[in-house]
Amino acid sequence: MPNLKTPLSELTSASKTTLNRLEKLKIQTAEDLLYHFPFRYDDYSKILTIAELKTKKSGTIKGKISLIANHRSPRKKMVITEAIISDKTDSIKVVWFNQPFLIKILRSGLEVYLAGKIDVDDYYGMQFLNPSYEIVNSKDPIHTGRLVPIYPATVNLSQKQLRYLIRQTIPLTQDIEDWLPREIRSKYNLTSTTFALEQIHFPQNREWLERAAHRLKFDELFLIQTRNQLVRQKIKSLVAPKIEFKLEETKKFVDNLPFKLTDAQRKSSWEIINNLETSAPMNRLLEGDVGSGKTIVGVLAILNVLLNGYQVAYMAPTEILAEQHFKNITELLKDYPFKIGLLTRENIKTNKDEKNKKVKIYEEISSGKIKLIIGTHSLIQEKVKFKNLAMTIIDEQHRFGVAQRAAFLNQANPENKKKDPNYSPHFLSMTATPIPRSVALTLYGDLDLSIIDEMPPGRKKVLTSIVKPDETEKIYKFIREEIKNGRQIFVICPLIDQSDQLGVKSVKEEYKKLSEKIFPDLTLGFLHGRMKAKEKEEIMKKFDQNKINILISTTVIEVGIDIPNASVMIVEGAERFGLAQLYQLRGRIGRAEHQSHCFLFLENEGEKAKQRLKALITAQNGFELAEMDLEMRGPGEVFGTSQAGFFTDLKIARLSDVVILKEAQEAADKVFNKDNSLKTYPLLQDKISQFAQTAHLE
Ligand code: ADP
Ligand code: MG
C-alpha cells in the first residue's frame with residue numbers, strides 16, 4: 001500500500017528526468033511533495049463568458065474549440081498554434097507558441113477551460129495568449145477554473161507538471177493519522193492535516209485556503225517550540241567538561257590587545273565564560289552586527305578551553321573565511337605554545353608547519369597534539385576524530401543547514417562518549433544576522449543568547465544611496481577619486497537566472513564593461529562561484545595587498561571578509577537581493593576610519609523595490625533593519641513573496657503571524673507540561689524526530 005513515505009518513483013509514472021529535477025528540490029517522497037507549498041495562487045475560480053473575458057482581459061473561460069492548426073512563423077521559426085474558441089456569447093482567437101503537440105490534445109469540437117490573459121495587438125487584434133488549458137471532463141480542474149497554485153523555484157519543472165504530480169498524491173492524505181493532539185486541535189479550532197494539505201494545494205475557496213494555511217503554520221511553529229523545550233530538557237541531562245576560568249591569563253591577553261574591548265564584548269565574553277564553568281553544556285548563540293567583533297569574544301573562550309588542556313573545533317562556511325580566521329587567531333595566540341591547524345578541502349597547514357599532509361593532520365587531531373582546529377565543512381568527516389574536544393564553534397551559523405550543524409556538534413570525542421554516553425562538548429554559534437530578541441526566543445528558543453549591540457568606537461556609518469540612471473557618470477568619477485586616494489572598490493553582481501547559479505555570466509559581463517570601457521587604466525579583478533578555491537584565494541590576496549583597485553564579484557564575498565581599505569561598494573541590480581543579504585554585503589566596507597559609500601544600482605525602477613531598499617538607508621543598525629523587514633512583509637502577506645528574508649528556516653509560517661505564534665507557544669507549553677517525555681503522544685514524538693535533527697536530541 002503506498003503511503004506518504006513511498007518514493008515518488010514507485011508512486012507515479014514520472015520520468016527519470018522529472019524525478020531528478022524533483023530531487024534537486026529535495027523532493028523524493030509523496031510527503032516531500034505535499035509539503036512543497038505554493039507561494040501564491042492565480043484566481044481563475046470564476047468562469048467568465050467570452051464576452052466578459054473580452055472586457056476584463058483576464059480570467060477563465062469555458063468554450064468549444066471550433067478550429068485548431070499549427071503554423072510556422074516566417075521570421076522567428078517558431079511553431080504557432082492557433083485556435084478559435086466559442087461559447088454562447090462570443091468567440092476568440094487563441095494563440096500558443098512552441099507547443100506543436102497541442103493539436104494532438106486539443107482537437108476541434110472538444111470543450112475546454114482556458115485561463116490566462118488577453119493581449120491586444122494593433123495588427124492581430126485581440127488574442128488569448130498562451131493560456132493554461134484543461135479539457136472539460138474532470139469534475140475538478142487543477143490548472144484552470146479555480147484558485148490555481150503557483151509554486152516557487154522549480155528548476156525546469158513546469159507548474160503543470162508539479163500540479164499534476166501533487167494532485168496524484170493528494171488521495172494519500174486520506175490515511176494520515178493526525179499527529180497533533182486532539183485537544184490542541186479542538187482548542188485552537190484547527191482543521192485536520194488531510195484537509196489542510198489538500199486545500200493548500202487545491203483550495204476550494206479563499207476561506208478554506210486561509211484555514212489550511214493556518215493549520216500548517218501552526219504546525220510549523222508548534223513543532224519548533226516543542227523541539228526547543230525538548231532540547232533544553234535534554235541539555236540539562238548532558239555533561240560537558242567544566243572549564244576553569246583562567247583569570248590572570250585572560251586579563252593579560254586582553255591587556256595586550258591593540259584595542260579596548262567594548263562593553264558589549266565584555267558582557268558576552270563573561271556570559272560565555274560563566275557558561276563554560278558549569279557541567280551543563282553551553283548551547284549559545286552569539287549575535288552581533290558585521291564588524292562588531294565577535295571573533296575576539298570567541299577567542300577568549302578558546303583561550304580558556306585550551307588553557308584547561310582541551311581541544312576546540314571552529315567551523316566557518318567558506319575557505320576564504322576559514323583561512324582568515326586561521327591567520328588572525330594564530331597571530332592572536334602567537335605567544336602561546338598551542339598547535340593550531342587549518343583543514344579545508346584545498347588547504348591544510350598548521351602554525352608550526354606551513355605544508356602538511358592530510359593524514360598527519362587527522363593523526364594530530366586524534367592524538368590531541370593539535371589543540372585548535374579551524375576549518376570548513378571538511379571538519380565534518382568520519383576521519384576527523386578528537387582526543388578531548390570540549391568546545392565547538394560555528395561561525396555564520398545561518399550559512400549551514402540544520403543537519404550540518406548537528407553533524408558537527410556530534411563529533412564529540414568518541415572516547416569520552418564511551419565512558420559517559422551523556423558527554424557533550426560546549427557549543428557556541430555565531431551570526432551576524434540581526435535577529436530581534438523576540439524572534440530569537442521563538443526560532444532559537446533552545447539556545448541562550450549573547451548580543452553584541454555596540455560597534456567598536458570610531459566606525460563611521462556607511463553612506464548608502466540609490467543611484468538614479470543619470471548619475472552613473474558621477475559615481476564613476478567619484479570612484480576614480482577614491483582610488484586616487486588609495487582606496488579600493490567592490491562591485492557586486494546579482495545572479496542573473498537559475499541557469500547561472502554561480503553568477504559567472506553577470507560578473508564576466510560587468511568585468512568586460514568596466515575594464516574595457518570605463519576604467520581601462522586601472523587594475524580590475526573578479527571572483528565568482530565557479531573559480532577554484534586557489535584562484536579565489538589568489539585574487540583575494542591581491543586585493544588584500546591593494547594590487548587590485550576594483551574587485552567585481554558575486555556574493556561569494558558576502559561572509560566575513562575583512563579588507564579595511566575598501567571604501568566603496570557598488571551593488572548592481574540591487575533589487576534582486578534580499579535586505580539581509582545586502583546588509584551583509586555592505587558590512588564588507590566601512591571597516592576602517594575612511595568614510596565609506598554604498599551605491600545601489602537598480603535594473604528595474606519599481607516603487608516597491610525602492611521603498612524596500614530605503615530601509616537600508618534609514619535603519620540605524622541590523623536589529624532595526626530586521627524589524628523593518630518584518631514589518632514590510634506585514635501580517636497581511638499570507639504568503640511572503642520572497643524567501644530571501646532574514647529568517648529562511650520557516651517554510652510557511654511568518655514571524656509576522658503573531659497570533660498563531662502565541663497560540664503555538666501556549667499549546668507547546670500545555671503539551672509539554674502534561675507530559676514532558678511526550679510518551680503519551682507517540683505520533684507527535686515521531687513527527688518531532690523527523691522534523692529537524694538537532695544534535696542535542698540524538
Ligand atoms: P565580526 O563580528 O563581523 O566577526 P570581527 O570579529 O571580524 O567582526 O571584527 C572586525 C574587526 O574589528 C577586526 O579587525 C577586529 O580586530 C576589530 N575589533 C574587534 N573588537 C574591537 C574593539 N573593541 N575595538 C576596535 N576594533 C575591534
Ligand atoms: Mg565574523
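Since the model is a prediction, treat every value here as computed from it, not as a measurement.

**Student:** So what's going on with the overall build of the chain? Residues and values would help.
**Tutor:** A tally of helices and strands in the chain yields 25 helices and 22 strands. Overall, the C-alpha framework of the chain stretches about 90 × 75 × 45 Å when taken along its three principal axes. Buried positions account for 54% of the 698 residues belonging to the chain. Across the chain, every contact between residues at least 6 apart in sequence was considered, and the portion connecting residues at least 24 apart equals 72%. About 32,800 Å² of surface is accessible on the chain, with carbon and sulfur atoms providing 52% of the total. In the chain, 104 side chains carry a positive charge and 88 a negative one; their mean positions are 3 Å apart.

**Student:** Describe the state of the cysteines, listing the residues and the values that go with them.
**Tutor:** One pass over the structure, following the stated rule, counts 0 disulfides. Cysteine C493 remains unbridged, with the sulfur of C598 as its closest cysteine sulfur at 13 Å. Under the relative-accessibility criterion, C598 is labelled buried at 2%.

**Student:** Pulling in residues and values, what's your account of the site of ligand 1?
**Tutor:** With respect to spatial proximity, 16 residues lie near ligand 1, and among them K260, Q265, G291, K294 and T295 are the closest. For ligand 1, a nitrogen atom lies 2.8 Å from a polar atom in the backbone of K260. In the environment of ligand 1, an oxygen atom lies 2.6 Å from a nitrogen or oxygen atom belonging to the backbone of G291. Protein contacts shield 77% of the accessible area of ligand 1, which totals 560 Å² for the unbound molecule. The residue makeup of the shell around ligand 1, split by class, is 4 nonpolar, 6 polar and 6 charged.

**Student:** Describe the packing of helix α13 (residues 319-332) against helix α20 (residues 533-544), naming the residues involved and giving the relevant values.
**Tutor:** Their axes nearest at 10 Å, the elements α13 and α20 cross at an angle of 55°. The angle between α13 and α20 falls in the class oblique. Crossing angle aside, the handedness with which α13 passes α20 is right-handed. Facing E319, I320, E323 and K327 of α13, the residues of α20 in contact are A533, K536, E537, M540 and D544.

**Student:** Residue-level account of the pattern of salt bridges, with values.
**Tutor:** Pairing between side chains of opposite charge can happen when the charged atoms of each approach one another. Per the counting criterion, the structure on display carries 26 salt bridges. The partner of D448 in a salt bridge is R232, and the shortest N-O contact between them spans 3.4 Å. Here R232 lies in helix α9 (residues 206-237) and D448 lies in strand β16 (residues 448-452), a separation of 216 residues in the sequence. You can call D448 partly exposed: its relative accessible area is 29%. Owing to a relative accessible area of 36%, R232 belongs among the partly exposed residues under this scheme.

**Student:** Describe the sheet that holds strand β18 (residues 488-492), and please don't skip the residues or the numbers.
**Tutor:** With parallel pairing, 6 strands are arranged side by side in an open sheet as β17-β22-β21-β18-β20-β19. In this open sheet, the two strands that pair with only one neighbour each are β17 (463-467) and β19 (524-527). With direction set aside, neighbouring strand axes in the sheet form an average angle of 20°. The pairing of β18 with strand β20 (residues 550-553) spans 4 bridges and is parallel. Looking at β20, one finds that V491 is bridged to I552. Contacts between helix α19 (residues 504-518) and the sheet are confined to β18, β19 and β20, with β19 contributing the most and set at about 175° to the helix. Of the strands in this sheet, β17 and β22 (597-601) are in contact with helix α22 (residues 607-618), which crosses β17 at around 160°.

**Student:** Quick rundown of the nonpolar core? Include the residues and the values.
**Tutor:** Ranked by internal contacts, the top residues of the largest apolar core, which has 39 residues, are F253, L333, L372 and M391. The contact partners of L372, leaving out residues within four places of it in the chain, are I302, L306, V312, Y314, I329, K339, I340 and G341. Listed in part, the 34 residues of the second largest apolar core include L221, L443, L661 and A667.

Parameters at a glance
Residues numbered from 1 in each chain as written. Chains lettered and ligands numbered in written order. Predicted model: local features only at pLDDT ≥ 70, side-chain atom pairs only at ≥ 80, totals over all residues. Heavy atoms only, no water. Helix = DSSP H or I, 4+ residues; strand = E, 2+ residues; numbered from the N terminus. Buried < 20%, exposed > 50% of the residue type's maximum accessible area, 1.4 Å probe, protein only. Contact = heavy atoms within 4.5 Å. Areas by Shrake-Rupley, 256 points an atom, 1.4 Å probe, with all protein chains shown as cover. Lys, Arg positive; Asp, Glu negative; His and termini not counted. Charge placed at Lys NZ, Arg CZ, Asp CG, Glu CD. Disulfide = S-S within 2.5 Å. Near = heavy atom within 4 Å. Polar contact = N/O pair within 3.5 Å; in protein donor to acceptor, adjacent residues only side chain to side chain. Nonpolar A, V, L, I, M, F, W, Y, C, P; charged D, E, K, R; others polar. Axes fitted to C-alpha atoms, helices over the stretch in contact; angles between N-to-C directions. Parallel < 35°, antiparallel > 145°, perpendicular 65-115°, else oblique. Left-handed = near helix turned anticlockwise from the far one by under 90°. Salt bridge = Lys/Arg side-chain N within 4 Å of Asp/Glu carboxyl O. Pairing = 2+ DSSP bridges. Core = buried A, V, L, I, M, F, W, Y, C linked by side-chain atoms within 4.5 Å.

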